[in-house]
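Examining the three-dimensional arrangement
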Amino acid sequence: AHLAALVLARGGSKGIPLKNIKLLAGVPLIGWVLRAAADAGVFHSIWVSTDHDEIEKVAKQFGAKVHRRSPEVSQDSSTSLEAIREFLNHHHEVDIVGNIQATSPCLHPSDLIKVADLIQKEGFDSVFSVVRRHQFRWSEVKKGENKMTEPQNLNPAKRCRRQDWPGELYENGSFYFAKRHLIEKGYLQGGKMAYYEMHAEHSVDIDIDIDWPIAEQRVLSFGYFGKEPLKEVKLLVCGIEGCLTNGRIYVTEDQKEMVSYDYRDIVGLDLLKKRGIQVRLISERDCSKTLSAMQLGCIAKVSATNKLQVLENWQKQMALSWKEVAYLGNEESDVECLKKAGISGVPADACAVAQKAAGYICKSSGGCGAVREFAEHIFLLVEKVNSARKQ
């Protein structure tokens, strides 16, 4: 049976414009679930259903196929079921749909593998995700009603402790798997049904803008970052033009060059060095006089015609694995280095091909705090590594 992952990602959003591709911890929101779906290895195809060109572009960057949905199922009033049924009408090879919500960035491949087994091996017709909550419910009393609220799932005279109560299961909206025959009848849940209980820390759903900073912390703590385990960073290689500086060169009347940089970025470099992370700089230009004037105290390679060769030499000299190397670049000449490094980033104004190759896209532009922001990202990932070691 052909099992397809389907992520619905409409361009319109009343709460957050283009929410599905807004950067969350440096990765487009939709990218988190597409990476988990790809690494699960259980889907015969992975699709994004969208009506927007930018979402289509991001979906393809993460290896998904794109179904261009019609205007009829792209309205504010359109339901997920309508969009899924339209998808099935165009893809007759699909027998089972795993509808994964783009707004669930802490989804892990292990969850998807287990759900696929429930559908394909244990014969369930539909499986949906739930989370266990320990919340006491009370009946609602509307204004003007002359009555009292009533307990719904507790006895106030004998309130139990959290650890003595198993709690209740609630849909968390992370995914809905269903066979074709059910969906064609108008159901996402039906037939032989099963729920799949997700860990509470993985149950993150972004609905309103205020959730975003909270979700970023949750993703950095509990998100899925790829098949290979993270390692503590030992080396950061940073591009000079367009990363440490804004890429502009000012020429005086006596033909002297001047550049500008953000002091926050210098603080970021110092913090990295204080934590034992070596910082090295790289440039295609001969900017040795500029570096001397900045007095950064970092090893630098200027006039680098082959940045990847320089990076590989440094990695071998320091006897590091690629997972221990971080790279911040912004140009086409940085792409191969970005692909090699265990942690890669680009400023917000980096060129398109560099953004596509990077694992983290800064909110700040080059020369305007991007280095400091990337340093903070590295620190959070280091904390994640240390936390995993303790566990």
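Residues numbered from 1 in each chain as written. Predicted model: local features only at pLDDT ≥ 70, side-chain atom pairs only at ≥ 80, totals over all residues. Heavy atoms only, no water.

1. Quick look at empty space enclosed by the protein
This is how it is decided: Of the grid points, spaced at 1 Å and generated over the protein atoms alone, those admitting a 1.4 Å probe that cannot get out make up cavities, while open sets with protein on both sides within 12 Å along at least five of seven lines make up pockets; any residue with an atom within 4 Å of a point is treated as lining. Grid points are joined across faces, edges and corners, and a volume is the space filled by probe spheres set on the points. Three residue categories are used. Nonpolar comprises Ala, Val, Leu, Ile, Met, Phe, Trp, Tyr, Cys and Pro, charged comprises Asp, Glu, Lys and Arg, and polar comprises the others, including Gly.
According to the stated counting rule, one finds one cavity of 30 Å³ or more in the structure shown. One number sums up the size of the largest cavity: a volume of about 60 Å³. As for the largest cavity, its lining consists of Ile240, Glu241, Thr245, Glu257, Val259, Arg285, Cys287 and Thr290. Partitioning the lining of the largest cavity into residue classes produces three nonpolar, two polar and three charged.

2. Some words on helix H6 (residues 212-222)
Rules: A 1.4 Å probe rolled over the protein chains alone gives each residue an accessible area, and that area as a share of the maximum for its type sets the label: buried under 20%, exposed over 50%, partly exposed in between. Working definition: helices are DSSP H or I runs of at least four residues, strands are E runs of at least two. Numbering for both runs from the N terminus. What the arc covers is the set of directions going from the helix axis to the C-beta atoms.
Among the residues making up H6, those that are buried are Trp212, Ala215, Glu216, Val219 and Leu220. All buried residues of H6 project into a common sector of 135 degrees when viewed along the axis, lining one side. What points out from H6, more than 90 degrees from its buried face, is the exposed set Pro213 and Ile214.

3. A word on the pattern of salt bridges
Rules: Salt bridges are defined as contacts in which a side-chain nitrogen from Lys or Arg sits within 4 Å of a carboxyl oxygen from Asp or Glu.
Within the structure shown, the criterion is met by 21 salt bridges. A salt bridge links Lys60 to Glu56; the shortest N-O distance between them is 2.9 Å. Taken together, the residues span about one helical turn, with Lys60 and Glu56 both in helix H2 (residues 53-61) at a distance of four residues. Salt-bridge contacts for Glu324 lead to Lys234; the nearest nitrogen and oxygen are separated by 3.4 Å. Taken as a pair, Glu324 in the loop between helix H10 (307-317) and strand S15 (325-328) and Lys234 in the loop between H6 and strand S10 (235-239) lie far apart in primary sequence, 90 residues in all. By relative accessible area, which is 14% here, Glu324 ends up buried. Relative accessible area serves as the criterion here: at 35%, Lys234 is assigned to the partly exposed category.

4. Remarks on the domain arrangement of the protein chain
How we decide: An automatic or database domain assignment supplies the start and end points of every domain. Contact between two residues is taken to exist if any of their heavy atoms lie within 4.5 Å; hydrogens are not considered. Throughout, buried area stands for the accessible area (probe radius 1.4 Å) lost by two parts on being put together, summed over both.
Per the domain assignment, the segments making up the protein chain are domain 1 (3-134 + 165-222) and domain 2 (235-389). Using C-alpha coordinates to define each centre, domain 1 is positioned 35 Å away from domain 2. Listed as interface residues are ten residues of domain 1 and, on the opposing side, nine residues of domain 2. In total, domain 1 and domain 2 occlude about 780 Å² of area from one another, counting both sides; carbon and sulfur atoms represent 60% of this. Considering only the side of domain 1, the residues that lose the most area to domain 2 are Leu23, Gln61 and Leu220, jointly responsible for 55% of the buried surface there. At the boundary of domain 1 with domain 2, the tally comes to one salt bridge. Here Lys363 ties to Glu216 by a salt bridge, and the two come within 3.7 Å at their closest N and O atoms. Among the elements that line the side of domain 1 that touches domain 2, the one with the most residues is H6, at five residues.

5. Some words on the pairing of S10
Convention followed: Pairing between strands requires that DSSP locate at least two bridges from one strand to the other.
Here S10 lies mainly inside the structure; five of its five residues are buried. Alternating positions in S10 separate into two faces, Leu235, Val237 and Gly239 on one and Leu236 and Cys238 on the other, with burial throughout. Relative to strand S13 (residues 278-282), S10 is paired through five bridges, and the arrangement is parallel. Following the sheet pairing, Leu236 is matched in S13 by Val279. Sheet topology places S10 next to S15; four bridges connect them, and they run parallel. Looking at the pairing, Val237 lines up with Tyr327 of S15.

6. Quick notes on the environment of Cys238
Looking at the element boundaries, Cys238 is found in strand S10. Given a relative accessible area of 0%, Cys238 falls into the buried group. If sequence neighbours within four positions are ignored, Cys238 has contacts with Cys243, Leu244, Arg280, Leu281, Ile282, Leu328 and Val371.

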